[in-house]
Amino acid sequence: SGASWPSSVAAAAAMALARTWHHAAMTEPATYTVRRATLADIPALVDLRIAFDGELAGPLPAERTDEHRAAVETYLRSHVPDGRYRMWVADAAGEVVGMAGLVVIDRPPHPRSRRAPEAMVFNVMTLPAWRRRGVGRAVMEAVIADGRALGCRRLVLRASDDGSHLYAALGFTDPGSWRQLDLD
């Protein structure tokens, strides 16, 4: 063959990369900032949460839509400003294009760690037009840094199939020992 070994390997790698989602063409660079959510973000957070619920569980019956939207808005208005639900958003020129939330659980100390708090990660969501641009990773990195700053010993989340690769890349593992009991 006329190609040298290193250049043929590079060509094969380039061809493999071209077949993956990482090589999606973008018409403009993804420019956004990640910041803590504010009260002014609540309408956008409600919309993202409703979209999140629809993607995971399918659309709600029409007779439940308004009730669910109101419940989400009430929760966010009471829990985001006081920090009980620590929301991080990706902001692209004033538009919230992604989010992730953290709820700290003040649990008893553990014998292997003096850091007692743990936290649950909720509602990691990116608008479809902004996916594969690093938004999910960026909000998750903010959540992870927040958890560390709060002294949490562990972050826990429930991963969707679409998000599993991101969480694994960030270091999340499957402990295989968690169980759940639905009470309602």
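Conventions adopted
Residues numbered from 1 in each chain as written. Predicted model: local features only at pLDDT ≥ 70, side-chain atom pairs only at ≥ 80, totals over all residues. Heavy atoms only, no water. Helix = DSSP H or I, 4+ residues; strand = E, 2+ residues; numbered from the N terminus. Buried < 20%, exposed > 50% of the residue type's maximum accessible area, 1.4 Å probe, protein only. Contact = heavy atoms within 4.5 Å. Areas by Shrake-Rupley, 256 points an atom, 1.4 Å probe, with all protein chains shown as cover. Polar contact = N/O pair within 3.5 Å; in protein donor to acceptor, adjacent residues only side chain to side chain. Pairing = 2+ DSSP bridges. Axes fitted to C-alpha atoms, helices over the stretch in contact; angles between N-to-C directions. pLDDT = per-residue confidence, 0-100. Salt bridge = Lys/Arg side-chain N within 4 Å of Asp/Glu carboxyl O.

*Asks:* Residues and numbers for the overall build of the protein, please.
*Replies:* Scanning the protein from terminus to terminus reveals five helices and five strands. Listed by position from the N terminus, the elements making up the protein come as α-β-α-α-β-β-β-α-β-α. Buried positions account for 33% of the 184 residues belonging to the protein. Considering only contacts in the protein between residues 6 or more positions apart, those separated by 24 or more positions represent 66%. A total of about 12,000 Å² of accessible surface is found on the protein, and carbon and sulfur atoms cover 57% of it.

*Asks:* Explain the side chain of Asp41 to me, using residue names and the numbers behind them.
*Replies:* With respect to the helices, strands and loops of the structure, Asp41 is situated in the loop between strand 1 (33–36) and helix 2 (42–57). Relative accessible area serves as the criterion here: at 7%, Asp41 is assigned to the buried category. A polar atom in the side chain of Asp41 sits 2.8 Å from the backbone nitrogen of Thr38.

*Asks:* Go over the sheet that holds strand 1 with me, naming the residues and quoting the values.
*Replies:* Ordered by their spatial adjacency, five strands build an open sheet running 1-2-3-4-5, and the pairing between neighbours is mixed. Here the strands that pair on one side only, and so sit at the sheet edges, are strand 1 and strand 5 (154–157). On average, adjacent strands in this sheet sit at an angle of 25° to one another, irrespective of strand direction. The pairing of strand 1 with strand 2 (residues 86–92) spans four bridges and is classified as antiparallel.

*Asks:* So what's going on with the confidence of the model for the protein? Which residues, and what values?
*Replies:* Summary statistics for the protein give a mean pLDDT of 83 and a share of 83% for residues scoring 70 or more. With pLDDT under 50 throughout, residues 1–27 is counted as low confidence; its partners more than four residues away or in other chains account for seven contacts.

*Asks:* So, unusual backbone geometry: which residues are in play, and what are the values?
*Replies:* Positive phi, close to 55°, is recorded for Ala93, a residue that is not glycine. The phi angle at Asn123 is positive, at roughly 55°, despite the residue not being glycine. By the secondary structure assignment, Asn123 is in strand 4 (residues 118–126).

*Asks:* Can you lay out the pattern of salt bridges for me, pointing to particular residues and giving the numbers?
*Replies:* For the structure shown, the criterion picks out twelve salt bridges. The residue Arg84 makes a salt bridge to Asp82 at a minimum N-O spacing of 2.7 Å. Classification of Asp82 as partly exposed rests on a relative accessible area of 45%. With a shortest N-O distance of 3.5 Å, Arg137 and Glu141 are connected by a salt bridge. Taken together, the positions of Arg137 and Glu141, both in helix 4 (residues 135–149) and four residues apart, correspond to about one turn of that helix. Residue Arg137 is classed as partly exposed on the basis of its relative accessible area, which comes to 34%.

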